[in-house]
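# Per-entry structural report
Chain by chain, the residues run as shown.
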Amino acid sequence: MKIIIIPGDGIGPETMAVVAQVLDAASTRFHLNLELEHEIAGHESLKKYGRTVTPALLEKVKAADGLMLGPMSTYDFKDESKGEINPSKFFRKELDLFANIRPARTYPNVPSCVNAFDLAVVRENTEGFYADRNIESGNSEMLITPDVAISLRRITRHCCERIAKAAFELAMTRKKHVTIVHKANVLKIGDGMFIDACHRIGAQYPEVKIDDFIVDAMMAHVVRAPERFDTIVTTNMFGDILSDLTAELSGSLGLGGSLNAGECYAMGQAAHGSAPDIANQDIANPFSLVVSAAMLLNWYGQKEGVLAFTQASKAIEHCMSELIAAGETTGDIGGKLGTKAVGAAFLKRFTTA
Ligand code: ATP
């Protein structure tokens, strides 16, 4: 398996350095024969090539089996004509990575203000309110007059159905419960179509229990009792917001891993951004990216039918849980270690397991 590694901006280089060590260790222990190729995107690429992402990089990524994308300073990238392309959007769109799977769970020994829970947000990744990706060319956000802006939201039955299928397939491997999150009381046509598509697909999974919540009420329910949810399927922006909440409820945004998956390609990526406020201080939690890397290995193992990848993925998550239980973590989840020291502690435990 060849994986392209892109460290990204802000805390990306520090946390991705840990991921590269973890992947190398997993490759050795489980004989995965992983090939890691290090590339650049974001600010570093903008400085060097005048573009945050280049066509040559896309070709390299396509030729590999998977991508680990570090967090990007998306807020800084405002003008595509100046090469400031949002790399996250770029890869999701170019590789059609329509399913953004964002698991969140509590861990013993991590302070959390809610009951123990284990859920996954399945977020549509290619349309919705994301003006930079939901039309063929240009941008679907317009300034009509200096004081009037319009942002268009695209919802298609095809995209609703394929994200619903991804959610029901995932639910079959979990607690067989799908919750549809929407705003169909106001967005009657678009979210009406989303709910309808989810139910149609759900009919093919009679074992899976289905319920639904309006997105604003969902925020209250997920804070009050996250343990009642298992697999949550929703449109792009609602999923983006909800999954930051569920990651933080689990103890820290620094635990929020994610996988962006398409039919034949996948990209691991932390659910959070580049967190420039804590960059270069050796305090960022690398676990969000470590979980994402484990998800990427698991995805590949299932696609190729190679058990060793699934085993490696489980072993990485297990080692992470052990470190958390032992308090060998960064400060955001109650530990006293720096990012590098967490990486070293991981390697020590993982290689002697
Ligand atoms: P961006 O503009 O790239 O989205 P941001 O700082 O606005 O960056 P996030 O990166 O999502 O948004 O982070 C929000 C806050 O969560 C950060 O200020 C940081 O304190 C915390 N945070 C995010 N990721 C981590 C992490 N891996 N470890 C520890 N804290 C984190």
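Residues numbered from 1 in each chain as written. Predicted model: local features only at pLDDT ≥ 70, side-chain atom pairs only at ≥ 80, totals over all residues. Heavy atoms only, no water.

Side-chain pairs of opposite charge can arise whenever the charged atoms involved come near each other. Tallied over the entire structure, the rule returns 17 salt bridges. A salt bridge links Glu 304 to Lys 303; its shortest N-O distance comes to 2.9 Å. Measuring nitrogen to oxygen at the nearest pair gives 3.5 Å for the salt bridge that ties Glu 322 to Arg 349. Here Arg 349 lies in helix α11 (residues 339-352) and Glu 322 lies in helix α10 (residues 307-326), a separation of 27 residues in the sequence. Judged by its relative accessible area of 33%, Glu 322 falls in the partly exposed class. By sharing partners, the salt bridges in this structure join Arg 102, Arg 123 and Asp 240 into a single network. (Salt bridge = Lys/Arg side-chain N within 4 Å of Asp/Glu carboxyl O. Helix = DSSP H or I, 4+ residues; strand = E, 2+ residues; numbered from the N terminus. Buried < 20%, exposed > 50% of the residue type's maximum accessible area, 1.4 Å probe, protein only.)

What follows covers the pairing of strand β2 (residues 35-38). The sheet contact formed by strand β1 (residues 2-6) and β2 spans 4 bridges and is parallel. Paired with Ile 4 across the two strands is Glu 37, which belongs to β2. Running through helix α1 (residues 12-30), the crossover from β1 to the neighbouring parallel element β2 is right-handed. (Pairing = 2+ DSSP bridges. Right-handed = clockwise from strand over helix to strand, strands pointing away.)

Around the ligand there are 14 residues in total, and Gly 273, Ser 274, Ala 275, Asp 277 and Asn 285 lie nearest to it. Measuring from an oxygen atom of the ligand, one finds a backbone N or O atom of Met 72 at 3.5 Å. Gly 273 is positioned such that a nitrogen or oxygen atom in its backbone is 2.8 Å from an oxygen atom of the ligand. A total of 600 Å² of accessible area belongs to the ligand in isolation, and the protein chains cover 69% of it. (Near = heavy atom within 4 Å. Polar contact = N/O pair within 3.5 Å; in protein donor to acceptor, adjacent residues only side chain to side chain. Areas by Shrake-Rupley, 256 points an atom, 1.4 Å probe, with all protein chains shown as cover.)

Soluble globular proteins tend to pack their nonpolar side chains together in the buried interior. Within the largest apolar cluster, 71 residues are counted, with the highest numbers of intra-cluster contacts made by Ile 3 and Leu 297. Sorting elements by how many residues they give to this core places helix α9 (residues 287-304) first, with 11 residues. Split by domain, this core shows at least three residues from each of two domains, domain 1 (1-97 + 255-353) and domain 2 (113-249). Those residues in contact with Leu 297 that lie beyond four places of it in its chain are Met 1, Ile 3, Leu 23, Ala 26, Leu 32, Leu 34, Phe 309, Ala 312, Ser 313 and Ile 316. Counting residues in each nonpolar core, the second largest holds 18 residues, with Leu 57, Leu 58, Leu 67 and Leu 69 among its members. (Core = buried A, V, L, I, M, F, W, Y, C linked by side-chain atoms within 4.5 Å. Domains from an automatic or database assignment. Contact = heavy atoms within 4.5 Å.)

Our next topic: helix α5 (residues 157-172). The end-to-end C-alpha distance of α5 is 22 Å, a good match for the 22 Å that 16 residues give at a rise of 1.5 Å each. Those residues of α5 that sit buried are Cys 159, Cys 160, Arg 162, Ile 163, Ala 164, Ala 166, Ala 167, Phe 168 and Ala 171. Check the buried side of α5 and you find it contacts β4 (99-105), β5 (118-124), β8 (177-182), α6 (190-202), β9 (209-214) and β10 (231-234). (Expected span 1.5 Å × (residues − 1).)

If you check α1, its first and last C-alpha atoms are 26 Å apart, about what 19 residues at 1.5 Å a residue would give, namely 27 Å. Of the residues flanking the end of α1, it is His 31, one or two places downstream, whose phi is positive at about 55°.

Overall, the coordinates contain 6 aromatic pairs when judged by the stated rule. Their ring planes at 50° and their centres at 6.4 Å tell us that Phe 30 and Phe 350 sit as a pair that is tilted. Placement of Phe 30 in helix α1 and of Phe 350 in helix α11 is noted, with a sequence separation of 320 residues between them. Assigned by exposure class, Phe 30 and Phe 350 land together as buried. Ring geometry for Phe 213 and Phe 229: centres 5.6 Å apart, planes at 75°, overall edge-to-face. Within this pair, whereas Phe 213 is found in strand β9, its partner Phe 229 is found in the loop between α7 (215-224) and β10, the two being separated by 16 residues in sequence. The buried category is assigned to Phe 229, whose relative accessible area is 2%. The structure contains a cluster of three or more aromatic residues connected by ring pairs, namely Phe 30, Phe 346 and Phe 350. Above the plane of the ring of Phe 350 lies Arg 29, whose end atom (NZ or CZ) is 4.6 Å from the centre. For the cation-ring pair, Lys 78 lies above Tyr 75, with the distance from its terminal atom to the ring centre recorded as 4.6 Å. (Phe/Tyr/Trp six-rings, centres within 6.5 Å; stacked < 30°, edge-to-face > 60°. Lys NZ or Arg CZ within 6 Å of the ring centre and 35° of its normal.)

This part takes up the domain arrangement of the chain. Assigned domains within the chain: domain 1 (1-97 + 255-353) and domain 2 (113-249). Summarising the inter-unit geometry, the C-alpha centres of domain 1 and domain 2 are found 24 Å apart. Taken together, the contact between domain 1 and domain 2 spans 9 residues of the former and 10 residues of the latter. The contact between domain 1 and domain 2 buries some 830 Å² in all, and 36% of this surface belongs to carbon and sulfur atoms. Ranking the residues of domain 1 by area buried against domain 2 places Lys 89, Arg 92 and Lys 93 at the top, with a combined share of 50%. Scanning the region where domain 1 abuts domain 2 turns up 1 salt bridge. As a salt-bridge pair, Asp 96 and Arg 162 come within 2.9 Å of each other at their nearest N and O atoms. Counting the contacts that link domain 1 with domain 2 gives 5 residue pairs in polar contact (both at pLDDT 80 or more). Considering every element that reaches the side of domain 1 that touches domain 2, the biggest residue donor is helix α4 (residues 87-94), with 3 residues. By residue class, the composition of the side of domain 1 that touches domain 2 is 2 nonpolar, 3 polar and 4 charged. (Buried area = accessible area lost by both parts, 1.4 Å probe. Nonpolar A, V, L, I, M, F, W, Y, C, P; charged D, E, K, R; others polar.)

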